[in-house]
Amino acid sequence: MTHPTLVVLRKELVDAIRDRRAFALAMVYALLGPLFLVPILRATATSLNRRENAPVVVAMDGAANAPSLVGYLREHAIEVKPFAGDPFDAVKSGREDVVLIVTPEYASELRDGRAAVVRVVTDTSRSTAGPLLRRIARQIELYGRVIGQMRLLARGIDPHAASGLALEVDDVATPESSGAILLSGLPMFLLLAVFAGGAHVAIDVTAGERERGSMEPLFATPLTVRQLVLGKLGAVLVFSAATLLVSDVAFSLVIQLAPPPQIAGMRLELGPMAALRIFLGTAPLVLPVAALQLLVASRSKTVKEAQTATMLLLMIPMLPGVVLALSPVAATPLTMLVPSLAQAQLIMASLRGGTLDPAHLAIAFASTTALGVLLAFMATSRRAWERVVAAR
Amino acid sequence: MIRVGSIHKRFGDVVAVNDISFDARDGQVTALLGPNGAGKTTTLRILTGVMLPDRGAAVVDGVDTARSPSTARRKVGLLSDQRGLYTRLTTRENIRYFGHLHGQDGDALEARIEDLFALLDMKGIADRRVEGFSLGERLKVALARALVHDPSNVLLDEPTAGLDVMTTRALRGMVRRLREAGKCVIFSSHVMQEVDELCDRVVIVVAGRVAAEATPKALREATGSQSLEEAFVKLVGLGAKETKTA
């Protein structure tokens with residue numbers, strides 16, 4: 001004979017799967033992140049790339065005076081078009097963002113070993129002018145430095161004498177960890193899947209059961225309250241975990257099949273191992289979430305009230321997700337004590353490509369499971385359910 | 001056999017049941033009557049062990065419903081006032097679920113379900129989902145579900161409410177059959193003519209107390225009434241007065 005709790009679990013699963021609309025809604029939550037976040041990442045990456053390396057055209061008055069400068073700029077994806085007229089008028093009226101002016105004296109200044117002047121007319125209050133100016137200014141400065149070094153060499157002086165300091169930057173960010181900044185929206189969507197996946201089941205097996213009037217006959221069967229409610233809790237757990245899994249796998253597939261383009265060394269990767277780590281790291285959260293939803297939904301008088309209450313619970317996955325996206329909090333044993341925040345950080349750590357700290361994993365698992373067991377105990381207490389069954 | 005011994009139950013400041021005692025014997029249909037809010041539903045809930053009495057005890061076939069609720073519930077079939085079916089499951093699945101919950105399984109359970117389908121003339125709806133069933137069809141499913149474990153005690157909370165003539169007749173036939181099979185049937189209703197015709201004993205509950213307990217005939221005679229309805233109105237009035245003076 002099947003264990004009574006399994007009888008309840010099986011029936012609740014069949015019932016929930018046949019609830020087409022609720023089932024579809026859970027799937028929507030699971031796929032929300034993969035289908036929206038990843039395309040947004042692609043778009044961001046593409047536009048960043050375009051700004052970095054796309055060829056631009058700049059107007060230059062007197063280009064004929066500096067053929068070598070024009071050649072150098074062209075090599076660095078800055079095309080020069082000849083300009084004639086009033087540069088101030090052209091910039092003020094918005095026809096040009098930047099106008100370069102090379103005077104006829106440019107060639108003689110260079111030849112005489114003086115600083116040849118290149119003037120720039122621009123309006124930095126315009127958003128498109130700033131990035132363009134910075135890019136052009138950097139290339140012109142680099143070109144000027146090359147000329148200066150050649151002059152020093154020609155005079156028998158080590159060019160390094162002209163530099164008092166050399167700044168060297170070592171960036172320890174791996175490509176994965178830089179990509180993870182862009183992916184910081186991902187923990188939020190995965191935690192959302194945990195919360196949203198079982199919510200409709202939690203409501204249906206409690207407030208829904210009462211609204212249908214089937215609660216009383218059910219509690220009049222020989223099962224103990226704990227046996228019954230554990231079966232219901234099991235159904236919520238299955239849906240919550242399945243939604244998490246679907247979301248995780250979908251993220252992994254979408255990122256692997258259509259990887260967002262690299263952004264200056266940033267690589268977004270979520271392979272099978274990282275996806276598995278994310279699932280195992282996040283799965284313990286399913287228990288406290290399901291128990292909390294069951295507790296809240298069973299104390300609600302109607303399905304509507306239960307829906308409102310579980311919607312408020314959705315704030316819980318949002319908070320650590322938003323915090324991590326805005327200002328990353330370092331993962332410490334202390335943050336691992338906080339369910340939901342701990343899982344968000346474990347997901348981030350998995351995305352960064354490193355292995356997870358076993359101590360962190362253990363603390364997160366212990367504290368999350370302890371909370372889950374406590375909530376499950378409260379959710380299945382006989383005393384509380386007597387009121388639930390009786391209330392109309 | 002159900003014995004209710006001076007049970008009390010209060011919810012906060014509201015006293016729902018204030019000392020109710022009665023016996024319901026095997027092979028008899030016992031009517032539990034009373035105005036709305038008199039404490040009938042609370043009494044039935046204590047009988048199924050869904051609720052615990054604050055004082056007193058309900059005993060089903062010698063088992064205290066508060067001390068051993070699981071054992072007591074095996075001996076009771078409940079048809080609640082809201083039929084409460086799972087609309088996404090078929091008739092058969094609804095009944096089979098409760099069979100499983102009562103510890104039944106396999107061929108014996110399937111055979112029992114087929115018997116109930118034949119008995120209640122519900123072969124046509126056996127494998128349809130319950131969504132959209134008429135009141136009569138819902139009653140049949142709920143009744144089959146209450147009887148699936150062949151309980152020796154059957155609680156029927158307003159079974160005929162909202163039914164058409166044909167289904168009402170089928171239900172009354174079923175109640176008579178249960179009585180003939182020696183079951184203890186408790187029947188709550190607001191239709192006095194039906195109670196007069198069907199029930200062996202009547203327990204009238206007013207404001208959480210038993211106002212009268214006797215056969216329908218004895219109640220009519222004691223109050224000098226032509227009909228049970230008249231007797232009921234008189235007894236409820238008396239019961240309400242007593243509660244006030246007490």
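Residues numbered from 1 in each chain as written. Chains lettered and ligands numbered in written order. Predicted model: local features only at pLDDT ≥ 70, side-chain atom pairs only at ≥ 80, totals over all residues.

Overview of the overall build of chain A
Working step 1: In terms of regular secondary structure, chain A is built from 18 helices and 4 strands.
Working step 2: Of all 392 residues assigned to chain A, the portion counted as buried reaches 38%.
Working step 3: A fraction of 77% describes how many contacts in chain A between residues 6 or more apart in sequence connect residues 24 or more apart. (Helix = DSSP H or I, 4+ residues; strand = E, 2+ residues; numbered from the N terminus. Buried ≥ 20, exposed ≤ 12 C-beta atoms within 10 Å, placed from the backbone. Contact = placed C-beta atoms within 7 Å.)

Regarding the nonpolar core
Working step 1: Ranked by size, the top nonpolar core spans 151 residues in total, and within it Leu233, Ala290 and Ala291 of chain A together with Phe187, Ile204 and Val205 of chain B carry the most contacts.
Working step 2: Looking at which element gives the most residues to this core, the answer is helix α8 (residues 185–212) of chain A, with 16 residues.
Working step 3: Beyond its immediate sequence surroundings of up to four residues, alanine 291 of chain A is in contact with Leu233, Gly372, Leu375, Ala376 and Ala379 of chain A.
Working step 4: Formed by 13 residues, the second largest nonpolar core is a distinct cluster that contains Ala66, Leu73, Ile78 and Val102 of chain A. (Core = buried A, V, L, I, M, F, W, Y, C linked by C-beta atoms within 7 Å.)

Comments concerning the domain arrangement of chain B
All names here are of chain B.
Working step 1: When the domains of chain B are assigned, the result is domain 1 (2–75 + 151–245) and domain 2 (85–150).
Working step 2: Just the C-alpha atoms count here: the centres of domain 1 and domain 2 sit 25 Å apart.
Working step 3: Counting residues at the interface gives 11 residues for domain 1 and 11 residues for domain 2.
Working step 4: Of the residues forming the side of domain 1 that touches domain 2, the biggest block, 4 residues, is contributed by helix α6 (residues 165–180).
Working step 5: Split into classes, the residues belonging to the side of domain 1 that touches domain 2 amount to 7 nonpolar, 2 polar and 2 charged. (Domains from an automatic or database assignment. Nonpolar A, V, L, I, M, F, W, Y, C, P; charged D, E, K, R; others polar.)

Some thoughts on unusual backbone geometry
All names here are of chain B.
Working step 1: Even without being a glycine, aspartate 121 presents a positive backbone phi close to 50°.
Working step 2: Locating aspartate 121 in the fold gives a position in the loop between α4 (106–119) and α5 (135–147).
Working step 3: Exposure remark for aspartate 121: the 12 C-beta atoms within 10 Å place this residue in the exposed category.

Quick look at the sheet that holds strand β6 (residues 76–79) of chain B
The strands that make up a sheet are held in pairs by hydrogen bonds between backbone atoms, and each pair lies either parallel or antiparallel.
All names here are of chain B.
Working step 1: Strands sit in the order β6-β7-β8-β3-β9-β10 across an open sheet of 6 strands; the sheet is mixed. What marks the edges here is a single partner per strand, and that holds for β6 and β10 (209–214). For this sheet the average axis-to-axis angle between neighbouring strands, irrespective of direction, equals 15°.
Working step 2: Alignment of strand β3 (residues 28–33) against strand β8 (residues 184–188), held across 5 bridges, turns out to be parallel. (Pairing = 2+ DSSP bridges. Axes fitted to C-alpha atoms, helices over the stretch in contact; angles between N-to-C directions.)

Observations regarding the domain arrangement of chain A
Working step 1: Parsing chain A into structural domains produces domain 1 (4–47 + 176–390) and domain 2 (55–168).
Working step 2: One C-alpha centre belongs to domain 1 of chain A, the other to domain 2 of chain A, and the line joining them spans 56 Å.

A short note on the environment of phenylalanine 88 of chain A
Residue and element names in this part refer to chain A.
Working step 1: Its location among the elements puts phenylalanine 88 in helix α4 (residues 87–92).
Working step 2: Looking at phenylalanine 88, the number of C-beta atoms within 10 Å reads 11, which means it is exposed.
Working step 3: Distance from phenylalanine 88 to proline 320, taken between C-alpha atoms, is 50 Å for residues 232 residues apart in sequence.

Some details on the sheet that holds strand β2 (residues 14–24) of chain B
All names here are of chain B.
Working step 1: In spatial order, the strands read β2-β1-β4-β5; together these 4 strands make up an open sheet with antiparallel pairing. Either end of the sheet is taken by a strand with one partner, and the two such strands are β2 and β5 (63–64).
Working step 2: Sheet topology places strand β1 (residues 2–11) next to β2; 8 bridges connect them, and they run antiparallel. Along β2, the bridge assignment pairs histidine 8 with asparagine 18.
Working step 3: Docked against the sheet, helix α1 (residues 40–47) engages β1, β2 and β4 (55–60), running at close to 120° with respect to β1.

Looking at the interface of chain A and chain B
Many authors give the size of an interface as the accessible area that is lost as the parts come together.
Working step 1: Listed per partner, the contact involves 22 residues of chain A and 26 residues of chain B.
Working step 2: Of all the secondary structure elements, the ones that give two or more residues to the side of chain A that touches chain B are α1 (4–18), α9 (215–219) and α18 (382–390) of chain A.
Working step 3: When residues of the side of chain A that touches chain B are assigned to their parent elements, the largest contribution, 5 residues, is made by α1 of chain A.

Notes on the packing of helix α10 (residues 225–257) of chain A against helix α11 (residues 272–282) of chain A
Relative placement of two packed helices is described by the angle separating their axes and the distance separating the axes.
All names here are of chain A.
Working step 1: Running from amino to carboxyl end, α10 crosses α11 at an angle of 155°, the nearest separation of the two axes being 10 Å. Relative to α11, the element α10 is oriented roughly antiparallel. Taken as a pair, α10 and α11 cross one another with a handedness that is right-handed. Here α10 contributes Leu244, Leu245, Asp248, Val249 and Ser252 to the contact with α11, which in turn contributes Pro272, Ala275, Ile278, Phe279 and Thr282.
Working step 2: Residue composition of the contact of α10 with α11, grouped by class: 7 nonpolar, 2 polar and 1 charged. (Parallel < 35°, antiparallel > 145°, perpendicular 65-115°, else oblique. Left-handed = near helix turned anticlockwise from the far one by under 90°.)

Examining the pairing of β10 of chain B
Residues and elements named next belong to chain B.
Working step 1: Direction of pairing for strand β9 (residues 201–206) relative to β10: antiparallel, over a ladder of 5 bridges. Paired with valine 205 across the bridge in β10 is valine 210.
Working step 2: From the end of β9 to the start of β10, which pair antiparallel, there are 2 residues, and alanine 207 there has a positive phi angle of about 50°.

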